[in-house]
Amino acid sequence: MRNIVVFVFLCVLFDSPIFAKSPLPSICPEIANRARWGARTPLEVDYAIIPVENVIIHHTVTPGCSTENECASLLRNMQNFHMETLEFHDIGYNFLVGGDGIVYEGAGWHKVGAHTRKYNTRSLGLAIIGNFTSDLPNKKQIQSAKDFIQCGVEMGELDINYKLFGARQVSSTASPGLKLYREIQNWPHFTGTPPN
Ligand SMILES: *[C@@H]1O[C@H](CO)[C@@H](O)[C@H](O)[C@H]1NC(C)=O
């Protein structure tokens, strides 16, 4: 009994603000949590085993967004569409990168998203907000996406030998758009032969 009391006490203590939360690795870009964009509560949460071995790049094929207000509003609409029309448990992507360079938390770290059939349990679905069929994301957006992936590695969320590829390589979609697909072929860990 006493052990339990001490244990609970320590849990409360270490979670309290008098102990600073361990800082994120310095490479991490600004990450806006769900509360910041007004996300709805997911209907269900499934946990993924970490470190996650694959990073799959998508585009959202929506208009872009260049301010936090714009991006937040776009994300709320997307979440509604995913939950109400597509009947997902939550917004499908794990994270989304805005044209403002902020990375928005979708389903989040070590969660199973709904973005790439057969790969959801073993990949992080990273969506770049916009349509990149014939345009590239802006420089800030590209840098944030790349830094974010390295941030995931340093946090232990992503395998240090993770494989990166585009959704189109493993499913019948044009995502992440031809222009962006060409771009990610120059990113670290890009693989032309994704795992089955
Ligand atoms: C995406 O961009 C391409 C090329 O500009 C365009 O043909 C296509 O209609 C766009 N898709 C959507 C859904 O807007």
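Given the structure is predicted, the values throughout are model-derived calculations rather than measurements. (Residues numbered from 1 in each chain as written. Predicted model: local features only at pLDDT ≥ 70, side-chain atom pairs only at ≥ 80, totals over all residues. Heavy atoms only, no water.)

K.L.:
Can you break down the layout of surface pockets residue by residue, with the values?
P.N.:
Here the largest pocket defines a volume of roughly 460 Å³. Taken together, 21 residues line the largest pocket, and the ones lying closest to its centre are Phe 88, Tyr 93, Ala 114, His 115 and Thr 116. Of all the elements in the fold, those that place two or more residues in the lining of the largest pocket are β2 (52-59) and α3 (68-85). Ranked by residues supplied to the lining of the largest pocket, first place goes to α3 with three residues. Looking at the lining of the largest pocket residue by residue, the class counts come to eight nonpolar, 12 polar and one charged. Approximately 250 Å³ is the volume found for the second largest pocket. Residue lining of the second largest pocket: 17 residues in total, with Glu 44, His 89, Asp 90, Val 112 and Gly 113 positioned closest to the centre. Per-class residue counts for the lining of the second largest pocket are seven nonpolar, three polar and seven charged. (1 Å grid on protein atoms, 1.4 Å probe; cavity = no way out; pocket = protein on both sides within 12 Å on 5 of 7 lines; lining within 4 Å. Points joined across faces, edges and corners; volume = space filled by probe spheres on them. Helix = DSSP H or I, 4+ residues; strand = E, 2+ residues; numbered from the N terminus. Nonpolar A, V, L, I, M, F, W, Y, C, P; charged D, E, K, R; others polar.)

K.L.:
Outline the side chain of Asp 100, listing residues and values.
P.N.:
Structurally, the position occupied by Asp 100 is in the loop between β3 (95-97) and β4 (103-105). Buried within the structure, Asp 100 lacks any salt-bridge partner; Lys 140 is the closest side chain of opposite charge, at an N-O distance of 6.7 Å. Among the polar contacts made by the side chain of Asp 100, one reaches the main-chain amide nitrogen of Ile 102 at a distance of 3.1 Å. Those residues in contact with Asp 100 that lie beyond four places of it in its chain are Cys 65, Ser 66, Thr 67, Glu 68, Cys 71 and Lys 140. (Buried < 20%, exposed > 50% of the residue type's maximum accessible area, 1.4 Å probe, protein only. Lys, Arg positive; Asp, Glu negative; His and termini not counted. Salt bridge = Lys/Arg side-chain N within 4 Å of Asp/Glu carboxyl O. Polar contact = N/O pair within 3.5 Å; in protein donor to acceptor, adjacent residues only side chain to side chain. Contact = heavy atoms within 4.5 Å.)

K.L.:
Explain the sheet that holds β3 residue by residue, including any values.
P.N.:
Taken in spatial order, the six strands line up as β1-β4-β3-β5-β2-β6 in an open sheet, and their pairing is mixed. Across the chains shown, the open sheet's two edge strands, defined by having one partner strand only, are β1 (31-32) and β6 (158-166). Taken together, the six bridges between β2 and strand β5 (residues 123-128) define a ladder with parallel strand orientation. Across the sheet, Val 55 pairs through a bridge with Leu 124, a residue of β5. Those strands touched by helix α4 (residues 139-154) are β1, β2, β3, β4, β5 and β6, and its axis lies near 145° from that of β6. (Pairing = 2+ DSSP bridges. Axes fitted to C-alpha atoms, helices over the stretch in contact; angles between N-to-C directions.)

K.L.:
How would you explain the packing of aromatic side chains if you had to name every residue and give the values?
P.N.:
Counted under the stated rule, the structure contains five aromatic pairs. Geometrically, the ring pair formed by Trp 109 and Phe 148 is stacked, given 4.8 Å between the ring centres and 15° between the ring planes. Separated by 39 residues along the polypeptide, Trp 109 in the loop between β4 and β5 and Phe 148 in helix α4 bring together distant segments of the chain. In this structure, Trp 109 and Phe 148 share a single accessibility class: buried. Seen from their ring centres, Tyr 181 and Phe 190 are 6.3 Å apart, and the 65° between their planes marks the pair as edge-to-face. Exposure remark for Phe 190: the relative accessible area of 22% places this residue in the partly exposed category. Connected via pairs of aromatic rings, a cluster forms that spans Phe 95, Trp 109 and Phe 148. (Phe/Tyr/Trp six-rings, centres within 6.5 Å; stacked < 30°, edge-to-face > 60°.)

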